[in-house]
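Per-entry structural report
Given next are the chains, with one letter for each unit.
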Amino acid sequence: MKFLSWKIWVSLGLIGLSVAIYLANYLIFRDAGYMFRLLLAQLGFLPISVLLVTIIVNQLLAHRARAAKLSKLNMVIGTFLSEVGTQLLKMISAYDLKAADFRQNLSSLANWSDADFAAFPKRLADYKFEMDAAAGDLRTLRDFLESKKDFLLRLLENPNLLEHDSFSNLLLAVFHLSEELSQRRDLEHLSPADREHLAVDLKRAYTRLIKEWLAYLGHLNQNYPYLFSLALRTNPFDPAASPEIK
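Predicted, not measured: the structure shown is a model, and the values here were computed from it.

What counts, and at which threshold
Residues numbered from 1 in each chain as written. Predicted model: local features only at pLDDT ≥ 70, side-chain atom pairs only at ≥ 80, totals over all residues. Heavy atoms only, no water. Helix = DSSP H or I, 4+ residues; strand = E, 2+ residues; numbered from the N terminus. Contact = heavy atoms within 4.5 Å. Areas by Shrake-Rupley, 256 points an atom, 1.4 Å probe, with all protein chains shown as cover. Salt bridge = Lys/Arg side-chain N within 4 Å of Asp/Glu carboxyl O. Buried < 20%, exposed > 50% of the residue type's maximum accessible area, 1.4 Å probe, protein only. Arc of directions from axis to C-beta. Polar contact = N/O pair within 3.5 Å; in protein donor to acceptor, adjacent residues only side chain to side chain. Lys, Arg positive; Asp, Glu negative; His and termini not counted.

1. So, the overall build of the protein
- Each helix and strand counted, the protein has nine helices and zero strands in total.
- For the protein, the C-alpha atoms occupy an extent of roughly 95 × 45 × 35 Å along the three principal directions.
- Here the contacts in the protein between residues at least 6 apart in sequence split such that 75% fall between residues at least 24 apart.
- Summed over its atoms, the accessible surface of the protein is roughly 15,800 Å², and 60% of this surface lies on carbon and sulfur atoms.

What follows is the structure, given as structure tokens:
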């Protein structure tokens, strides 16, 4: 008996209390018919009680819990973009041969609605990026990622991120790119096959970065207009972007 969990003890106690109340009712009023009718009435309401409590109320509580967790996750994502992501987007865009064309898709970003932000991931999936590992400074990119490795590792220790698949995949893509670059002895004299391989790694990190960056901007646009304003003024795809208001 000592190995029973506290839930079992509580359940047994509540059942025993119910039996004791019904027994006391019978001993006092001696009306078994009324007790039976009352029991049937309570059993008839039981399915409705289950519907209200276990389905509707629990769903509302679960929705609020998910909203609170998502808010905390967005804070983590915002920290990542501020510390690493925005600068990394700017650096990797140098390897995108069609960056100027893609920039046109974001020309009216300040006027996007919530529906525009929600619909863009589908448009992004159809966009054809052309990455060239020889188009930028791989050593500078490697050194930047190396300098942020401790920060990225601390992000991976956050248990809440395990439930955010897209951001977890982004972190893994960034880590993989960092490891690929750190394993090369000479980043200035790569074989064509090696450049093509790194171009794939760059594209993977790049597309996932864009997706998370835009999703976060949509969150700011909906909830924090003042933070959205700063994000627009530090747009990594706008060469003329400046945090200073002129």
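There's plenty left to go through after this.
2. Let's talk about the pattern of salt bridges
- For the structure on display, the rule yields eight salt bridges.
- Between Asp194 and Arg184 there is a salt bridge; the shortest N-O distance is 2.4 Å. In this pair, Asp194 is assigned in helix α8 (residues 192–223) and Arg184 in the loop between α7 (165–183) and α8, connecting sequence segments 10 residues apart. Across the pair, Arg184 and Asp194 agree in class, each one buried.
- Through salt bridges with shared partners, one network takes in Glu146, Lys149 and Glu179.

3. What to know about helix α5 (residues 138–147)
- Among all positions in α5, only Leu138, Leu141, Phe144 and Leu145 are buried. Relative to the axis of α5, the buried residues are bounded by an arc of 125° and lie together on one face.
- The N-cap of α5, judged by a side-chain oxygen 3.1 Å from the amide nitrogen of Arg139 a few residues on, is Asp137.

4. Points about the side chain of Asp96
- Mapped onto the elements of the fold, Asp96 is located in the loop between α2 (32–92) and α3 (99–105).
- The buried charged residue Asp96 lacks any salt bridge, with Lys98 as its nearest oppositely charged partner at 7.4 Å.
- Leave out the neighbours within four places in its chain, and Asp96 touches Phe129, Glu130, Met131 and Tyr206.

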